[in-house]
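# Chain and residue survey
Next come the chains, spelled out residue by residue.
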Amino acid sequence: MSKKITIGILAHVDAGKTTLSEALLFISGKLRALGRVDHKNTYLDTSPMERERGITIFSKQARFSTDACDYILLDTPGHVDFSAECERTLSLLDYAVLVVSAPDGVQNHTRTLWQLLEHYDVPTFVFVNKTDISVQQKSDVEAALQKSLSPFCVGFYESHTKAELDERLALIHEGFLESVLMGEPIDDGDISTLISRRRLFPVLFGAALRTDGVAHLLGVMDRYTLAPVYPGKEFSATVYKIARQGNTRLTYMKITGGELTARDELTYMAADGNTVSEKISQIRLYSGDKFLQTERASAGELCAVIGLSATYAGQGLGRETNVGSPLLEPVLSYGVSLPAGVDPRVAFPKLKELEEEDPTLHLRWNGELAQIEVRLMGDIQIEVLKRLILDRFGWACELDAGRILYKERIAGRTLGTGHFEPLRHYAEVQLLLEPQPAGTGLIFDSRVSENALDTNWQRLILSHLYEGDHRGILTGARLTDTKITLVAGRAHLKHTEGGDFREATMRAVRHGLMKAGCVLLEPYYRFRLEIPASCVGRAMTDLEMHHSTFAVESADGELTVLTGRGPVALLHGYAREVVGYTRGQGRLFCTSDGYEACHNQEELVAAAGYDPEGDPAYPPHSVFCSHGAGVIVPWQEVDAYKHLEDAVDLSSARESLEAIIPRAAGIAKRYRLSDEELEAIMLREFGPIKRRRYTEPKTVAAVSSPKAHKPKPTKPPRRMTILDGYNLIYAWDMLAEEAAFSLERAREVLMDLLADYVAFTKNELLLVFDAYLVKDGMGSEFLRNGYRVVYTKQNQTADAYIERVIHELGPDYSIRVVTGDYLLQISAVTAGVSRMTAKEFIAEFTAVGNQITEFIRRLEH
C-alpha cells in the first residue's frame, strides 16, 4: 500500500513556493503544463486577488501520487500579513518543505516559519530554490543554513552516491559513524526515523521554475518519509478552515482517527458552549478549485464537508482536542467605516462570516463609538479585507489609521469574591488569581471538592470563565497571563439558578483585579535591520530612543545587520524612515514577538480615561440581600460581607513570586518529615506503647501440683485493618487520576482492588468513607466482597468514626489503622494500635498482588 502523506510548502514571500508546488504537480504527472505566477495561470492560486497580486493569500490543497506515496499538498501564504493562515495548517502536516531563496538566503520570515515548525514539531525538508541565478556555492549555502537554522541541516546532493551521503550523515550522528567505520551502509529506516524526530533536515537544491532538482526532492521524500499512524477506530478530526461557496458553508478538516461517512451524525460543542448534533450531507476531496465527491473519508484524509453550521477553525471533533491559541496574532486594531446607508449594527453579523474564515480578525462591536473594529497584521491584509467585503457584500468600506492592541495582566496574587443575591437568587464564588509568565495566556482550574460544591456547579463556573471576555482595570484591555482557580463556592438548594453563578463568577474576577491591580502590556516586535555601514550611528540612536534592545549580528564593512526587540508602538512605521535616511538601501523586517510591560503605562492609562468601577459590562461590586431586597456592596467592602471564609491563606503571599519560587524547593526539603522523624516525635511525646490489652497474650504456668491443670491456650486476637478511604484514594496515583474525573468511579475501583487483598490475607477489613459534608446524610454500612464498607453520617468525620471503632473493638482485636492523617496516627499511638501510612499500605498491597500472581502461576503449572 502507498503511504498517505500530507506535506506543506512554506517560504518567505517571493522565494518560489508556489512555483515549487506547480513543479511537483507537473513532475508527478498531475499537470500536463507548468503554470507560472507571472502568467497568472497557476493551479493553486485561483483567487482573482492572488493572480492580480502574484502572491498566495489563501491556503489551498492539491493531490498527486508517485509509485511510493499518495501526497496531499498544502500551499500556504508566504507574506507575513497572512502568517496566521499559514500557521493554521501546521498542526495538520506530516512533513513540511521549507523553501529558501539561494540569492536571498535565510530571511526574517524564514526564521519565523522555522520557529513555528519547531513549535508544532513538524519534520522538515529544506529546498534551496533559484540556484540557477545564485553566485553562492551550494556548500556555502548549506553552511549558512546550519548556522542560521540548525546544525542538523545536511545536503542530500543529487550528484552524490549513497556512500558519500553516509559519510556526511556520520558527522551528525554517533550511531551512523559506527556503521560507516564498520563499512556498513546506513539503513534508510534509521535516516527516516531521524528526519521524523527533527534530528535531521535534508537540504536539497534546484530551480523550481526550470524543474531542476524537483524530481530529486520528490525521490528523497518518497524514500525517507514514514507513513503516519492513526491509533483507534473511533472518529476524530481537526477543523482547520471554514470557507463558503455561494450560500454553501464548507468545513475543512483532517480525519485523525476512524472514518467519516456521508449522512453520519456528528455531535460537537459550538463556540458558544451549546451542544450541536448535525448530519453530514456531503464529503468533498478538493484538489485546486475542483473536487471529487465521496461517500467516505478515512484517517489521514483532508476533506471538506457540508452540513455543519457551528464548527470553527482549530476545533477538535470526536476524541480530538482543540488546537491551542496561535503564536502569531495581530497587534493592530482598525475601525471599519461603512458607506452611507449601511447600518453598522446590521452589517456586523454579516461581517462575522469573515471571522469564521479567518479567526484572527476578531471582529468586535465597539458600543461607545458605535463602530465595527477588526484586527489585522499589515497593509496588504487591509487591502485584501476591503476587497473581500466589496466582492461579497458590495460595500466599499474604509479603515482608519489603526491603534495598538494592549493587554493587561494581574499584578499580584489575590482572592476575588463575587456574591449575587437579589431576592430569590443566590450564588457566591471565590477565585484565586495569580500572575503567570509572559505568553501563558489565561489558565482556568478548580480546587474545590465535590463535597464542598456540586460538580455541575463547578463545571458551570469554569464554562463561564472560559467563555468570558475578561478585561483589565487600567484601560479595559484584554486580560492575559493570569491563572484563575476556583477555590470555593456556595449555592442555595432552592434559589440558585445557572445565571446566578455567571454573575457571581464575573464579579469575582473583577473584584480580584481591583484588589491586586493590573500591569499594562504592550506588543513587541522582533526585528532585523539591514543598513549601510555609514548609517549605523543614526540607526542605533533611533533604536535607543524607541526603547529597543539590539545587538550587531554582522558587519562586513558595507552592510551592517542589527537584530533585537522593541515596542510595536514605536517601531510601527519606522520602516519608512529607514528607507528615507538610507536612500532605499536599508531594510527593516519585523515579526510579532509577544507582550512585555508597557514603557509608558501612566501616560496611556491617563489617556484612556477608563473607569473600572463604572463599566456596566464588568462590574466589580457584589449584590447582597438585605431586608428582602438586593443591595449593591462596593468592591472595597465585599470581603466584610461575604459568606465564605478565605479558602487560601494569602498572609505569606505579599512576597513577590520571584522571591518565593527560588526558595520553595529548599523550604519543602527542610520541613518535610521522614517516617523515622515522625516516629521519634510520637515516642518522645507519648512514650513507648505500654498498654497490655492489645499486646500479644501471655500464658502463665500454674504452681506445680499433682492436681494442677494445664492452662487453656488463649485464643489469638482477630486481625482487623481499618482504612481511611479518601486518604488512600488521593495517596494512590492511579486512584487520584480516576478521582479527578469521577470520585464515585475511584471508590468503586478501590473496593474492587481490596476484594483480592482480603481474600488472600484472611484479614478482616473496614473501609471508611467520610460523608461529613453530605447534607441530611444518615450514613450507611454494608458488606462488599467479604469486608465492611462504612459511609459516616452528616457532621461525623471518618477520623472520629475510626477512633470510636478502635475503642469499641477492645482486646479481642489486633488493630491496624491505615491513614495519612497525623492526628489520627497520634490517636492510634495513644491507644496502643498499630498504624500505617497510605504509602506503606500501597507497597504492601503491591507485594500481596505479586504473591497472588505467583500463586496462580504455580497452580497453572
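When you go through the protein chain residue by residue, the secondary structure sums to 26 helices and 40 strands. A separation of at least 24 residues holds for 69% of the contacts in the protein chain among residues at least 6 apart in sequence. With the model as given, the accessible surface of the protein chain reaches about 43300 Å², and the carbon-plus-sulfur share is 51%.

Under the defined criterion, the tally for this structure stands at 20 aromatic pairs. Look at F782 and Y791: their rings are 6.3 Å apart centre to centre, the planes differ by 25 degrees, and that puts the pair in the stacked class. Between R198 and the ring centre of W114, over which it is positioned, the NZ or CZ distance is 5.2 Å. The ring centre of F291 lies 4.0 Å from the NZ or CZ of R284, which sits over that ring.

Looking now at the packing of helix α3 (residues 83–90) against helix α4 (residues 108–119). Viewed as axis vectors pointing N to C, α3 and α4 meet at an angle of 30 degrees, and their least axial separation amounts to 11 Å. The pairing of α3 with α4 is recorded here as roughly parallel in orientation. As for how α3 packs across α4, the hand of that crossing is right-handed. Residues S83, C86, E87 and L90 of α3 form the contact with α4, whose participating residues are H109, L113, L116 and L117. When grouped by side-chain class, the residues that make up the contact of α3 with α4 number five nonpolar, two polar and one charged.

Time to look at the pairing of strand β24 (residues 414–420). When a strand is regular, its side chains alternate between the sheet's two faces. Along β24, seven of the seven residues are buried, which leaves the element largely enclosed by surrounding structure. Burial along β24 is two-sided: T414, G416, G418 and F420 and L415, T417 and H419, pointing in opposite directions, are all buried. One ladder, built from seven bridges, connects β24 with strand β25 (residues 427–435); its direction is antiparallel. Residue pairing in the sheet places F420 in a bridge with A427 of β25. Between the antiparallel neighbours β24 and β25 lie six residues, among them R424 with a positive phi of about 65 degrees.

Turning our attention to the sheet that holds strand β16 (residues 302–306). The sheet built from six strands is open, its strands ordered β14-β13-β16-β9-β8-β17 with antiparallel pairing. On the outer flanks of this sheet lie β14 (290–294) and β17 (316–318), each paired with one strand and no other. Across the sheet, the mean angle separating the axes of adjacent strands is 40 degrees when strand polarity is ignored. Bridging between strand β8 (residues 236–245) and strand β9 (residues 248–257) involves nine bridges; their strand directions are antiparallel. Its bridge partner lying in β9, K241 is registered against Y252. This element, helix α10 (residues 344–357), spans β8 and β9 of the sheet and lies at about 140 degrees to β8.

Inspection of helix α16 (residues 574–581) places Y574, V578 and Y581 among the buried residues, and these make up the whole buried set. For α16, the arc enclosing every buried residue in end-on projection is 80 degrees, short of the 170-degree limit, so these residues lie on one face. The inward-facing, buried residues of α16 abut β29 (518–532), α14 (536–545), α15 (568–571) and β32 (587–597). Where α16 ends, the next residue or the one after it, R583, has phi of about 55 degrees, a positive value.

Turning next to the side chain of D358. Checked against the element boundaries, D358 lands in the loop between α10 and β19 (364–366). Apart from the residues lying within four places of it in its own chain, the contact partners of D358 are R88 and Q381.

Below, the discussion takes up the pattern of salt bridges. One pass over the structure, following the stated rule, counts 47 salt bridges. As a salt-bridge pair, E353 and R392 come within 4.0 Å of each other at their nearest N and O atoms. Here the residue E353 occupies a position in helix α10, and R392 occupies one in helix α11 (residues 379–393), the gap between them amounting to 39 residues. Linking E357 and R392 is a salt bridge whose minimum nitrogen-to-oxygen distance equals 2.6 Å. On the criterion of sequence distance, the pair formed by E357 in helix α10 and R392 in helix α11 is long-range, its members being 35 residues apart. For E357, a relative accessible area of 16% translates into the label buried. Look at R392 and you get partly exposed, because its relative accessible area is 32%.

With that out of the way, let us pick up the environment of S139. Topologically, S139 is positioned in helix α5 (residues 138–148). Placed 16 residues apart in sequence, S139 and G155 show a C-alpha to C-alpha distance of 8.1 Å.

Attention shifts here to the side chain of E87. Mapped onto the fold, E87 is located in helix α3. Of the side chains with opposite charge, R88 comes closest to the buried, unpaired E87, at an N-O distance of 7.8 Å. Those residues in contact with E87 that lie beyond four places of it in its chain are L116, Y120, P326, L327 and L328.

Turning to the pairing of strand β18 (residues 332–337), a few remarks are in order. Among the six residues in β18, five count as buried, and that is most of the element. Direction of pairing for β18 relative to strand β20 (residues 371–376): antiparallel, over a ladder of five bridges. Across the sheet, Y334 pairs through a bridge with V374, a residue of β20. Sheet analysis places β18 next to strand β22 (residues 403–404), joined by two bridges and oriented antiparallel. When the sheet's bridge partners are listed, S333 is paired in β22 with R403. With two bridges joining them, β18 and strand β21 (residues 398–399) adopt antiparallel strand pairing. Along β21, the bridge assignment pairs V336 with L399.

This next bit is on the nonpolar core. Counting residues in hydrophobic clusters, the biggest one holds 41 residues, and the most contacted among them are L351, V374, L376, L385, I389, L399 and L529. In terms of residue count, the dominant contributor to this core is β29 (six residues). Residues contacting L351, with those up to four places away along its chain left out, are L363, I372, I389, F393 and W395. If you look at the next biggest cluster of nonpolar residues, it comprises 39 residues, including V99, V154, V220 and M221.

What follows covers the confidence of the model for the protein chain. Across the protein chain, the average pLDDT comes to 84, with 89% of residues at 70 or higher. Every residue in residues 653–672 scores below 50 in pLDDT, and together they form seven contacts with partners more than four places removed in sequence or on other chains. Low pLDDT, under 50, characterises residues 690–713; the stretch is placed with 15 contacts to residues that sit more than four places away or in other chains.

With that settled, the discussion passes to the packing of helix α12 (residues 455–467) against helix α13 (residues 498–516). Orientation of α12 relative to α13, taken along the N-to-C sense of each, is 55 degrees, at an axis distance of 9 Å. It follows from the interaxial angle that α12 and α13 lie oblique. Of the two elements, α12 crosses α13, and the hand of that crossing is right-handed. Packed against α12, whose contacting residues are W457, L460, I461, H464 and L465, the element α13 presents G498, F501, R502, T505, M506 and V509 at the interface. Counted by class, the contact of α12 with α13 contains seven nonpolar, three polar and one charged residues.

On to the sheet that holds strand β37 (residues 780–784). On the basis of which strands lie adjacent, the open sheet formed by six strands has the order β37-β38-β36-β35-β39-β40 and mixed pairing. In this open sheet, the two strands that pair with only one neighbour each are β37 and β40 (834–836). Strand-to-strand twist of the sheet, defined as the mean angle between neighbouring strand axes without regard to direction, takes the value 20 degrees. Judged from the six bridges that link them, strand β35 (residues 718–724) and strand β39 (residues 813–818) form a sheet pairing that is parallel.

This part covers unusual backbone geometry. Although it is not a glycine, R424 sits at a positive phi angle of roughly 65 degrees. Examined against the element boundaries, R424 turns out to sit in the loop between β24 and β25. Judged by relative accessible area, R424 falls into the exposed class, the value being 60%. For R583, which is not glycine, the phi torsion reads 55 degrees and is therefore positive. Tracing the backbone through its elements, the reader meets R583 in the loop between α16 and β32.

Cut-off values and rules
- Residues numbered from 1 in each chain as written.
- Predicted model: local features only at pLDDT ≥ 70, side-chain atom pairs only at ≥ 80, totals over all residues.
- Heavy atoms only, no water.
- Helix = DSSP H or I, 4+ residues; strand = E, 2+ residues; numbered from the N terminus.
- Contact = heavy atoms within 4.5 Å.
- Areas by Shrake-Rupley, 256 points an atom, 1.4 Å probe, with all protein chains shown as cover.
- Phe/Tyr/Trp six-rings, centres within 6.5 Å; stacked < 30°, edge-to-face > 60°.
- Lys NZ or Arg CZ within 6 Å of the ring centre and 35° of its normal.
- Axes fitted to C-alpha atoms, helices over the stretch in contact; angles between N-to-C directions.
- Parallel < 35°, antiparallel > 145°, perpendicular 65-115°, else oblique.
- Left-handed = near helix turned anticlockwise from the far one by under 90°.
- Nonpolar A, V, L, I, M, F, W, Y, C, P; charged D, E, K, R; others polar.
- Buried < 20%, exposed > 50% of the residue type's maximum accessible area, 1.4 Å probe, protein only.
- Pairing = 2+ DSSP bridges.
- Arc of directions from axis to C-beta.
- Salt bridge = Lys/Arg side-chain N within 4 Å of Asp/Glu carboxyl O.
- Lys, Arg positive; Asp, Glu negative; His and termini not counted.
- Core = buried A, V, L, I, M, F, W, Y, C linked by side-chain atoms within 4.5 Å.
- pLDDT = per-residue confidence, 0-100.

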